[in-house]
Amino acid sequence: MSLSRRDFLKISSTVAAISSIPVFKTVSAMSKSTPPSPPSFNPNFCELCFWNCGLMAKTVNGKVVTIDGNPLSYRGKGKLCGRGNAGLGLLYDSDRLKYPMLNTGKRGDPKWKQVSWDEALGFVANKMNDIKQKYGPESVVLFSHGTGGSFWKHLLKAFGSDTYAAPSFAQCRGPRDVGFYLTYGSDTGSPEYYDFSKSRFIVLVGSHLGENAHNSQVQDLMTGLNNGAKLVVLDPRLSNIASKADWWLPVKPATDMAILLAWIKIVVDEELYDKEYISKYAVGLKDLKEAVKDCSAEWASKLSEIPAATITDIARQMSKHKPNLCISGGRFTVWNGDDAQRSRAIAILNALMGSWGREGGYYLPAKGKVPPYPGLPEYPETKPPITGEYPFALLPVTNAIREAVTTNKPYPCRGWIVYGSNLIKTLPNSKETIDAIKKLDLMVAVDVLPMDIVKWADVVLPECTYLERYDDIATGRFQYFEAALRVPAMKPMFESKPSWWITKELSKKLGLEAYFPWTDIEDYLKARCNAAGISFDELRKNGVVKLSTDWNPYISQQNQPVFNTPSEKIELYSKQLKEKGFDPVPKYTAHEQPPQGYFRLVFGRTPLHTFSRTTNNFMLDDLVPENELWINSKQAARLGLKKGEYVRLANQDGVKTDTKIKVKITERLREDCVYMYHGFGVHASELSRANKRGIGTDELITRYKVDPIMGGTSLRGNFVKIIREAQL
Ligand SMILES: Nc1nc2c(c(=O)[nH]1)N[C@H]1C(S)=C(S)[C@@H](COP(=O)(O)OP(=O)(O)OC[C@H]3O[C@@H](n4cnc5c(=O)[nH]c(N)nc54)[C@H](O)[C@@H]3O)O[C@H]1N2
Ligand SMILES: Nc1nc2c(c(=O)[nH]1)N[C@H]1C(S)=C(S)[C@@H](COP(=O)(O)OP(=O)(O)OC[C@H]3O[C@@H](n4cnc5c(=O)[nH]c(N)nc54)[C@H](O)[C@@H]3O)O[C@H]1N2
Ligand code: SF4
Ligand SMILES: [Mo]
């Protein structure tokens with residue numbers, strides 16, 4: 001059955017009415033014979049993206065009927081974004097994974113056999129033990145993106161493997177976090193430590209906040225702007241937020257570093273930096289000055305196509321508002337392969353403005369801890385995780401794991417457990433991912449939907465959705481410390497199960513039950529709450545507990561910052577980088593520009609979808625059913641393209657898409673690129689709505705560079721040409 005959002009809205013206004021959806025059959029039967037019971041309300045936090053906004057779910061007669069923002073939640077501040085509001089579109093998706101399944105066919109060409117949980121977990125345990133015997137426990141690794149992954153991480157550590165990799169490092173924010181870590185000895189957090197609501201000046205380098213719908217951050221940004229903050233946006237596209245900016249810089253893609261270095265030079269040469277702050281907290285100013293001496297505004301202008309006078313003016317304006325300003329490099333920072341260095345340039349510029357630890361800049365995040373479940377046995381000794389040969393990979397590197405399958409370096413990698421990550425669309429060059437999967441001894445997918453990754457698994461473990469489960473306590477470091485809880489608002493549908501249950505059952509089959517001594521999840525959560533001095537009942541009722549509320553987030557005489565760098569200062573010049581053979585101060589690298597007849601493939605987010613995970617959601621599908629190809633009107637006229645026409649794309653390596661995309665003609669984009677939302681072009685035939693709608697950026701990203709500092713894969717260096725139907 002395919003249900004649209006309009007259908008759903010029509011029928012969801014009363015509980016009796018929603019009985020027309022088959023999944024509500026039991027409710028309707030009940031509601032006819034028994035009067036409706038009073039509603040119950042359970043706190044939860046959203047899993048439609050990784051911001052995890054707090055919410056309250058209303059349940060009537062055992063079925064969730066509405067979800068609303070929880071005002072106590074920092075990340076949501078009482079609101080849910082368009083995607084978050086569509087949580088029921090996931091819960092009641094008729095395409096959901098319903099039973100454990102074994103693949104009796106081939107990986108990629110599966111024949112599914114429905115099996116019991118006992119059989120599915122027995123299969124996984126046997127294979128894991130086989131691999132352990134032949135190669136060692138570290139040869140089974142975890143890919144994990146999402147809250148339930150914490151139980152899998154615990155299980156794998158107990159099994160003897162320390163490799164748990166999230167694409168949010170090497171395919172997302174890793175370069176930014178490493179760039180800041182090398183400069184301040186701290187990453188920038190998630191939620192980022194941006195103090196936007198109090199900023200007087202904000203610079204967004206390639207961030208499209210607003211379309212990137214990270215809820216509280218968008219609210220904070222708008223508060224800052226409403227209070228008069230000036231805004232600069234660097235983006236080759238007039239994004240929604242760029243349309244609100246005081247300065248929109250339609251920078252030539254891949255040249256941002258030139259502008260950043262020119263700003264550093266102007267600020268240093270004209271002595272516009274925060275002198276007291278730099279002399280007290282930073283090292284390396286002299287070396288920095290020397291390193292950027294040739295990076296004039298005129299030089300940057302030639303590369304970036306932004307006027308030199310504008311570059312100079314902004315540097316001066318910026319420094320007038322110091323230290324209450326925030327220069328943000330966005331979250332998705334894997335662009336061109338020198339991304340940790342670009343992020344370092346942003347970190348250095350912030351340091352010159354004295355914005356770290358200052359009101360309106362980057363706040364100092366509150367400290368706090370929820371200790372682990374008490375009395376657990378120690379994890380066994382094991383080999384270091386797979387990070388590739390990247391000296392500053394702070395976390396395991398997804399793409400290095402993929403390589404390890406073929407190279408057996410640093411050791412063989414034979415089993416993958418993939419929790420909540422659609423790796424086929426998430427890692428660049430899907431052929432490399434598929435080739436690696438084909439070589440494995442075990443491939444497990446833990447998911448809620450039959451996404452692209454699922455057909456490559458030997459066994460599929462259906463997790464219930466976030467509204468049907470408890471998860472581990474989630475913590476957040478804001479201007480206070482937060483503990484948040486997810487409480488099931490209804491029983492899991494079909495035979496789906498929560499990860500806390502799946503991992504506990506699997507631990508028994510692996511002989512690891514000593515690591516899972518709790519009787520059930522409430523027993524586990526209560527013990528953790530006790531250890532942290534939190535009331536479980538309060539957390540269970542409100543969903544959120546605020547701790548460290550007396551935290552001072554700003555530097556003052558009594559509140560001095562600690563920099564966890566070798567010099568214990570902010571490192572404008574990095575000896576750490578120098579020692580490993582990298583530039584101690586960022587340098588400009590020229591990146592390839594599109595060849596004749598090609599456009600650079602540029603992509604971002606639609607406010608109403610999260611990657612591929614929401615593309616089948618019937619409440620969102622009606623609003624944004626597919627992605628569009630943005631193309632500048634001059635180029636469209638040159639190619640004779642018409643608005644709404646469907647085209648295919650081919651990239652520089654001759655890869656041609658098998659699906660089509662609708663043309664959107666616009667003035668809001670430079671002429672040298674085309675733009676689309678990432679996440680569409682799903683190739684999973686069981687997804688009745690999403691399958692083959694639009695084009696996936698991932699299909700066209702066959703080429704990538706790896707950041708030698710930290711292992712991030714650049715995703716912005718592919719070029720495409722447009723193929724019209726007539727040319728096929
Ligand atoms: N080409 C290209 N690649 C990219 C990006 C891009 O813009 N373009 N963006 C990059 C970025 S920034 C990131 S963060 C990554 C994101 O990478 P992923 O996290 O892999 O992206 P999603 O498409 O959201 O895949 C999530 C998977 O989790 C499943 N899922 C959803 N909810 C649950 C749940 O409750 N439990 C379980 N077990 N599974 C669940 C979904 O069905 C889906 O299969 O991708 C990166 N890769
Ligand atoms: N609605 C929604 N919100 C999301 C997500 C989602 O899937 N959906 N995903 C979340 C996640 S995990 C992440 S990491 C963030 C990512 O969100 P952001 O950090 O904002 O990053 P991008 O998606 O890369 O931003 C895309 C913008 O960068 C511009 N751009 C492209 N090339 C260049 C360039 O060379 N220079 C400059 N200056 N700009 C360039 C594009 O035109 C586009 O407007 O979004 C988060 N928020
Ligand atoms: S930003 Fe939106 S999708 Fe993400 S967690 Fe919050 S409400 Fe959910
Ligand atoms: Mo991300």
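Residues numbered from 1 in each chain as written. Chains lettered and ligands numbered in written order. Predicted model: local features only at pLDDT ≥ 70, side-chain atom pairs only at ≥ 80, totals over all residues. Heavy atoms only, no water.

**Q** How should the site of ligand 1 be read in this particular structure?
**A** If you check the shell around ligand 1, you find 28 residues, and the closest are His-145, Ser-421, Thr-426, Asp-447 and Ser-612. Here an oxygen atom of ligand 1 sits 2.5 Å away from a polar atom, N or O, in the side chain of His-145. Considering ligand 1 on its own, with 920 Å² of exposed area, one finds that the protein chains cover 97% of that surface. Among the elements of the structure, helix H6 (167–184), helix H15 (423–426), strand E14 (442–447) and helix H23 (697–700) are those that each provide at least two residues to the shell around ligand 1. For the shell around ligand 1, the element with the highest residue contribution is H6, accounting for 3 residues. No fewer than three residues from each of domain 2 (101–169 + 371–469 + 489–546) and domain 4 (599–727) sit in the shell around ligand 1. (Near = heavy atom within 4 Å. Polar contact = N/O pair within 3.5 Å; in protein donor to acceptor, adjacent residues only side chain to side chain. Areas by Shrake-Rupley, 256 points an atom, 1.4 Å probe, with all protein chains shown as cover. Helix = DSSP H or I, 4+ residues; strand = E, 2+ residues; numbered from the N terminus. Domains from an automatic or database assignment.)

**Q** Looking at this model, I keep getting lost on the sheet that holds strand E17 (residues 481–484). Mind explaining?
**A** Strand pairing in a sheet relies on backbone hydrogen bonds, with the paired strands running either antiparallel or parallel. Taken in spatial order, the 3 strands line up as E16-E17-E18 in an open sheet, and their pairing is antiparallel. Since the sheet does not close on itself, it has two edges, and those belong to strand E16 (474–477) and strand E18 (544–547), each with one partner. Geometrically, the sheet is characterised by an average inter-axis angle of 20 degrees between neighbouring strands, direction not taken into account. With 4 bridges connecting them, E17 and E18 associate as antiparallel partners. By the bridge assignment for E18, Glu-482 is matched with Lys-546. (Pairing = 2+ DSSP bridges. Axes fitted to C-alpha atoms, helices over the stretch in contact; angles between N-to-C directions.)

**Q** What is the right way to read the packing of aromatic side chains from this model?
**A** How two aromatic rings sit relative to each other is given by the distance of their centres and the angle of their planes. All chains considered together, the criterion is met by 29 aromatic pairs. For the pair Tyr-74 and Tyr-480, a centre-to-centre distance of 5.9 Å together with 85 degrees between the ring planes defines the contact as edge-to-face. On the criterion of sequence distance, the pair formed by Tyr-74 in the loop between strand E3 (63–69) and helix H3 (87–91) and Tyr-480 in the loop between E16 and E17 is long-range, its members being 406 residues apart. For Tyr-480, a relative accessible area of 14% gives the class buried. Taking the centre distance of 4.9 Å and the plane angle of 40 degrees together, the rings of Tyr-194 and Phe-196 count as tilted. Using a relative accessible area of 5% as the deciding quantity, one classes Tyr-194 as buried. With a relative accessible area of 1%, Phe-196 lands in the buried category. (Phe/Tyr/Trp six-rings, centres within 6.5 Å; stacked < 30°, edge-to-face > 60°. Buried < 20%, exposed > 50% of the residue type's maximum accessible area, 1.4 Å probe, protein only.)

**Q** Where do I start with helix H12 (residues 308–320) in this structure?
**A** Between the first and last C-alpha of H12 there are 19 Å, a value that for 13 residues agrees with the 18 Å anticipated at 1.5 Å per step. Along H12, the positions that sit buried rather than exposed are Ala-308, Ile-311, Thr-312, Ile-314, Ala-315, Gln-317, Met-318 and Ser-319. (Expected span 1.5 Å × (residues − 1).)

**Q** Just to check I follow, could you spell out the environment of Cys-295 for this structure?
**A** Mapped onto the elements of the fold, Cys-295 is located in the loop between helix H10 (285–291) and helix H11 (297–304). Relative accessible area serves as the criterion here: at 8%, Cys-295 is assigned to the buried category. The spacing of Cys-295 and Ala-262 is 33 residues in sequence and 5.1 Å in space, taken between C-alpha atoms. The contacts of Cys-295, once residues within four sequence positions are left out, are Leu-261, Ala-262 and Lys-265. (Contact = heavy atoms within 4.5 Å.)

**Q** What should I look at first to understand the pairing of strand E9 (residues 230–234) in this one?
**A** Put simply, side chains in a regular strand alternate between the two faces of the sheet. Counting buried residues in E9 gives 4 out of 5 residues, a clear majority hidden from the surface. Inspection of the sheet shows strand E8 (residues 201–205) paired to E9 by 5 bridges, in the parallel sense. Its bridge partner being in E9, Ile-202 is matched across the sheet by Leu-231. In this fold, the crossover linking E8 to E9 by way of helix H7 (residues 215–226) has right-handed handedness. Sheet analysis places E9 next to strand E10 (residues 247–249), joined by 3 bridges and oriented parallel. (Right-handed = clockwise from strand over helix to strand, strands pointing away.)

**Q** Where do I start with the domain arrangement of the protein chain in this structure?
**A** Size of an interface: often given as the accessible area lost when the parts come together. Assigned domains of the protein chain: these are domain 1 (5–91), domain 2 (101–169 + 371–469 + 489–546), domain 3 (175–365 + 563–578) and domain 4 (599–727). Just the C-alpha atoms count here: the centres of domain 2 and domain 4 sit 31 Å apart. Facing the 22 residues of domain 2 at the interface are 24 residues of domain 4. In this assembly, domain 2 packs against domain 4 so that about 1,800 Å² is buried in total across both faces, 55% of it on carbon and sulfur atoms. For domain 2, the biggest contributors to the area lost against domain 4 are Lys-425, Pro-428 and Pro-450; these three give 32% of the whole. Where domain 2 touches domain 4, the interface holds 1 salt bridge. Taking the shortest distance from any N to any O, the salt bridge between Asp-698 and Lys-425 comes out at 3.1 Å. (Buried area = accessible area lost by both parts, 1.4 Å probe. Salt bridge = Lys/Arg side-chain N within 4 Å of Asp/Glu carboxyl O.)

**Q** Explain the state of the cysteines to me, please; I cannot follow it from the model alone.
**A** Joining two cysteines, a disulfide is a covalent bond between their sulfur atoms. Applying the stated rule across the entire model yields 0 disulfides. Cysteine Cys-529 shares no disulfide, and the gap to the nearest cysteine sulfur, in Cys-464, comes to 20 Å. We classify Cys-529 as buried; its relative accessible area is 0%. (Disulfide = S-S within 2.5 Å.)

**Q** Explain the environment of Tyr-99 here, please?
**A** Assignment of secondary structure puts Tyr-99 in the loop between H3 and strand E4 (101–103). Its relative accessible area of 30% is what places Tyr-99 among the partly exposed residues. Sequence separation of Tyr-99 and Cys-46 is 53 residues, and the distance between their C-alpha atoms is 24 Å. Other than its neighbours up to four places away in sequence, Tyr-99 contacts Gln-114, Val-460, Pro-462 and Glu-495.

**Q** Can you help me understand the pattern of salt bridges in this one?
**A** Working definition: two side chains of opposite charge can pair if their charged atoms are close together. Across all of its chains, the model carries 38 salt bridges by this definition. A salt bridge links Asp-95 to Arg-689; its shortest N-O distance comes to 3.7 Å. Of this pair, Asp-95 sits in the loop between H3 and E4 while Arg-689 sits in the loop between strand E24 (673–677) and H23; the two residues are 594 residues apart in sequence, bridging distant segments of the chain. Considered together, Asp-95 and Arg-689 belong to a single accessibility category, that of buried residues. Salt-bridge contacts for Asp-472 lead to Arg-528; the nearest nitrogen and oxygen are separated by 2.7 Å. Of the two residues, Asp-472 sits in the loop between strand E15 (459–462) and E16 while Arg-528 sits in helix H18 (residues 521–532), which places them 56 residues apart along the sequence. Residues Asp-472 and Arg-528 agree in their burial class; the two are buried.

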